[in-house]
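Working through the structure, step by step
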Amino acid sequence: MERDGGLESDWRNIILCAGASEGIRGCLKLLTGPGTGKRPGVMIPIPQYPLYSASLAEYNMDQVGYYLDEARDWALALEALERSYQAAKETSDIKAIVVINPGNPTGQVLTRENLEAVIQFAAEKKLFVFADEVYQQNVYAEGSAFHSFKKVMMEMGAPYNGLEVASFMTCSKGYMGECGIRGGYAEVVNMDPEVMAMLQKSISAKLCPTVIGQACMDVVVNPPQPGDPSHESWSGEVSATLASYADRARLVADTLNSIEGISCNTVQGAMYAFPCISLPEKALTAAKEAGQPADVFYASHLLEATGICIIPGSGFGQQPGTLHFRTTILPQKEMINEMLGRLKEFHMKFLAEYA
């Protein structure tokens, strides 16, 4: 309620889950089953967190990708949504749209205008919305701010405040970073009561998240309050952690941009950078001969030469003809500096070898 400006949050709409991923998969399952003869489709951003593409494949559903605009700091363009929808509507029964804000792997933070455009689009197309907001506390760039999907749609009024939306939160991100505890929740609003009953029946088959995961989420949503003995130390530690993330986000993007053949957008939020790399033609040919995508070829050589592990952009999706990789801002500053120094040294040798 505090995040959403005092908007009511009904406990009956809150579902505890073993990390946000389980909640997302539980809601995705609702979209499967017999229908029009077309397979159900879900619109997901490209690049995207592979949870979505993998789950859609598992559930025999169509992935309807919409490209984020790298030239505009990975902004979400209404034209891209419409183009993807029109291209897929004849072969897929498009039922939902996924919005990841802040973005993984792209690190963008959507503006309120972006969210309003998505809300209008979803209302027009009658789409269920997955609001993946697990990085909501991780916003760093000057001028960027997190806007809750629920808050924006409620403030827009009818008919937008009637959208069916599931928003997701976890203890794995933010200032907590407790990935292994597996705690999370989904808030599901405006869902048809019979469908909500089916969702609850489905997730009940898994019993419940671990007690530790539930306890962790309780601490996250009920932090120390002003006047409590631990509030001052808690507040100081949270502020220092997020300020350190912001410092490392700037360091990673600035350093990557200083390397020949690599360009990186500002890391506005989340925990990752997703730079674009330009490789010589000989490297592209060598990758093809090795039977690997060029970004996988590059990442494999980097790992073997330096021990540095990056994730090839092809694992997340990217515009045809472009190459990327994902790296994190999480290591301590000294380690990041050392890692980026080794990456730069490798990169220059790689360019020289395949020049």
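A brief report on the enclosed structure follows.

1. Describing the sheet that holds strand β1 (residues 14–17)
Pairing between the strands of a sheet comes from backbone hydrogen bonds, and it takes one of two forms, parallel or antiparallel. Read from one edge to the other, the open sheet built from 7 strands follows the order β1-β7-β6-β5-β4-β2-β3, with strand pairing classed as mixed. Every other strand in the sheet has two partners, leaving β1 and β3 (62–67) as the edge strands with one partner each. Averaged over all pairs of adjacent strands, the angle between their axes in this sheet comes to 25°, without regard to strand direction. Pairing geometry for strand β2 (residues 39–46) and β3, over 6 bridges, is parallel. The residue bridging V42 from the neighbouring strand is Q63, located in β3. Against the sheet, helix α3 (residues 78–88) makes contact with β2, β3 and β4 (92–100), and its axis sits at roughly 150° relative to β3, the strand it touches most.

2. Let's talk about helix α4 (residues 112–125)
Along an α-helix, a turn takes 3.6 residues, which lines up residues three or four apart on a common side. Taking 1.5 Å of rise per residue, the 14 residues of α4 would be expected to cover 20 Å, and the 20 Å separating its terminal C-alpha atoms lies within 8% of that figure. Packing partners of the buried residues in α4 comprise β2, α3, β4, β5 (128–132) and α5 (149–156). Phi for K126, located one or two positions after α4, is positive at around 60°.

3. Some words on the sheet that holds strand β12 (residues 325–328)
Across the sheet, which stays open at both edges, the 3 strands sit in the order β9-β12-β11 with antiparallel pairing between neighbours. Two strands bound the open sheet, and with one partner strand each, they are β9 (272–273) and β11 (311–312). The sheet strands contacting helix α8 (residues 231–257) are β9 and β12, and the helix crosses β12 at an angle near 140°.

How each quantity is defined
Residues numbered from 1 in each chain as written. Predicted model: local features only at pLDDT ≥ 70, side-chain atom pairs only at ≥ 80, totals over all residues. Heavy atoms only, no water. Pairing = 2+ DSSP bridges. Helix = DSSP H or I, 4+ residues; strand = E, 2+ residues; numbered from the N terminus. Axes fitted to C-alpha atoms, helices over the stretch in contact; angles between N-to-C directions. Contact = heavy atoms within 4.5 Å. Expected span 1.5 Å × (residues − 1).

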